[in-house]
Amino acid sequence: MSRYVDRFGKTGFAAITSLIWALPMAAWAGSADLSPIDKTAYPWIALGIGIVMLGVWLFLLTRLARIPVALRQRRLDIAQMSKSEKRWTLALVAFGAGLIAWLNAAATVDWAPLGSAVGSGRLGPILFAAPLAAFLLAMVAGIWVSWRRSRGAYLVRRDQPV
């Protein structure tokens, strides 16, 4: 654990290890609405795993404060980030969350009726689909721009002495 904390920093370690509980919780959230249809218990298994792993993650975080960390530049260390880097990293997270929300919504919808309605050339479905496509493009463009700006701000910080 110490090796990973030294490599990624305390913030980076906490962010990366949060996946041990976030992924099972996402599986539960994505499948819980389907369970009444197919009458399975699988979503509740994912929820149980997610809750147990949340406990494991919280245990790891309580041990994190006691681990000494060598002073050097780290990409995801909030305490070391410049104001510009924090701003662009926050934008990156926000656009990433927007893209994930769009993908989650898109995964739970049957697109066949909308596709055929747009293909028929009717104005209403086109006006409905255009903002959906614009939102998707805005999220992808926002991720691309904020990634480049956040990385640029980090490279400026990295070249400065600690």
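Note that the coordinates shown come from a computational prediction; the quantities given were computed from them, not determined experimentally.

Undergrad: Can you walk me through the overall build of the chain in this structure?
TA: Along the backbone of the chain there are 7 helices and 0 strands. For the chain, the succession of helices and strands along the chain, N to C, is α-α-α-α-α-α-α. Each of the three principal axes of the chain carries a C-alpha extent, and together these read 60 × 40 × 15 Å. Counting across all 162 residues of the chain, residues that qualify as buried make up 26%. Restricting to contacts in the chain with at least 6 residues of sequence separation, those with at least 24 account for 73%. Surface summary for the chain: the accessible area is close to 10800 Å², and the carbon and sulfur share equals 72%. Side-chain charges of the chain comprise 18 positive and 7 negative groups, with the mean position of each set lying 9 Å from the other.

Undergrad: Got a minute to help me understand the nonpolar core in this structure?
TA: Listed in full, the 5 residues of the largest apolar core are V5, F13, A14, L64 and I67. Ranked by the residues each element gives to this core, the list is headed by helix α1 (residues 2–17), at 3 residues. Apart from the residues lying within four places of it in its own chain, the contact partners of I67 are M1, S2, V5 and K10.

Undergrad: For this particular structure, what's the right way to read the side chain of E85?
TA: Summarising the element assignment, E85 is placed in helix α5 (residues 83–107). Excluding its chain neighbours within four sequence positions, the residues that come into contact with E85 are R75, S150, A153, Y154 and R157.

Undergrad: Is there a simple way to think about the packing of aromatic side chains in this case?
TA: Working definition: an aromatic ring pair is given by the centre-to-centre distance plus the angle between the planes. Applying the stated rule across the entire model yields 2 aromatic pairs. Each ring, one from W21 and one from W57, has its centre 5.7 Å from the other, and the planes form 45°; the classification is tilted. Of the two residues, W21 sits in helix α2 (residues 19–32) while W57 sits in helix α4 (residues 42–64), which places them 36 residues apart along the sequence. Under the relative-accessibility criterion, W21 is labelled partly exposed at 24%. Here the guanidinium or amino end of R3 rests over the ring plane of Y4, the centre of that ring lying 5.0 Å away.

Undergrad: I tried to follow the pattern of salt bridges on my own but got confused; where do I start?
TA: Once the charged atoms of two side chains with opposite charge are near each other, the side chains can pair. Taken as a whole and judged by the stated rule, the model has 2 salt bridges. Put simply, R157 and E85 hold a salt bridge, and the shortest N to O gap is 2.6 Å. Of this pair, R157 sits in helix α7 (residues 123–158) while E85 sits in helix α5; the two residues are 72 residues apart in sequence, bridging distant segments of the chain.

Undergrad: Any chance you could explain the packing of α5 against α7 here in plain terms?
TA: Working note: a packed helix pair is described by the angle between its axes plus the distance between those axes. At their nearest, the axes of α5 and α7 sit 8 Å apart, and the two run at 155° to each other. The orientation of α5 with respect to α7, classified from their angle, is roughly antiparallel. The crossing of α5 and α7 is left-handed. Partitioning the contact of α5 with α7 into residue classes produces 17 nonpolar, 7 polar and 3 charged.

The rules behind each value
The residue count restarts for each chain, going from 1 along the sequence in the order it is written. The predicted origin of the model limits local features to residues at a pLDDT of at least 70 and limits the giving and counting of side-chain atom pairs to 80 or more, whereas totals for whole chains, interfaces and linings rest on all residues. Hydrogen atoms and water are omitted, and side-chain values are computed over all heavy atoms in the structure. A run of H or I in DSSP becomes a helix once it reaches four residues, and a run of E becomes a strand once it reaches two; helices and strands are each numbered from the N terminus. For each residue, the accessible area found with a 1.4 Å probe, counting protein chains only, is set against the maximum for its type, and the residue is called buried under 20%, exposed over 50%, and partly exposed in between. Any two residues whose heavy atoms approach within 4.5 Å at even a single point are treated as in contact. Surface exposure here means Shrake-Rupley accessible area, sampled with a 1.4 Å probe, where a residue is shielded only by the protein chains that are shown. Only four residue types enter the charge count, namely Lys and Arg as positive and Asp and Glu as negative; His and the chain termini do not. Think of each charge as sitting on NZ of Lys, CZ of Arg, CG of Asp or CD of Glu. Grouping buried Ala, Val, Leu, Ile, Met, Phe, Trp, Tyr and Cys residues that are joined through side-chain atoms within 4.5 Å yields what is termed a nonpolar core. Each pair of aromatic rings taken from Phe, Tyr and Trp, with Trp reduced to its six-membered ring, is defined by centres within 6.5 Å and is described as stacked if the planes are under 30 degrees apart, edge-to-face if over 60, and tilted in the remaining cases. For a ring to carry a charge above it, either NZ of a lysine or CZ of an arginine must fall within 6 Å of the ring centroid while also lying within 35 degrees of the normal to the ring plane. A pair is scored as a salt bridge if a Lys or Arg side-chain nitrogen falls within 4 Å of a carboxyl oxygen belonging to Asp or Glu. Geometry is summarised by axes, namely lines fitted to C-alpha atoms with helices restricted to the contacting stretch, and by angles between N-to-C directions that run from 0 to 180 degrees. Should an angle fall under 35 degrees it is called roughly parallel, over 145 degrees roughly antiparallel, and 65 to 115 degrees roughly perpendicular, with every other angle called oblique. Working rule for handedness: look at the near helix, and if it is turned counterclockwise from the far one by less than a right angle, call the crossing left-handed; if clockwise, right-handed. As a working rule, the residues Ala, Val, Leu, Ile, Met, Phe, Trp, Tyr, Cys and Pro are called nonpolar, Asp, Glu, Lys and Arg charged, and the rest polar, with Gly in that last group.

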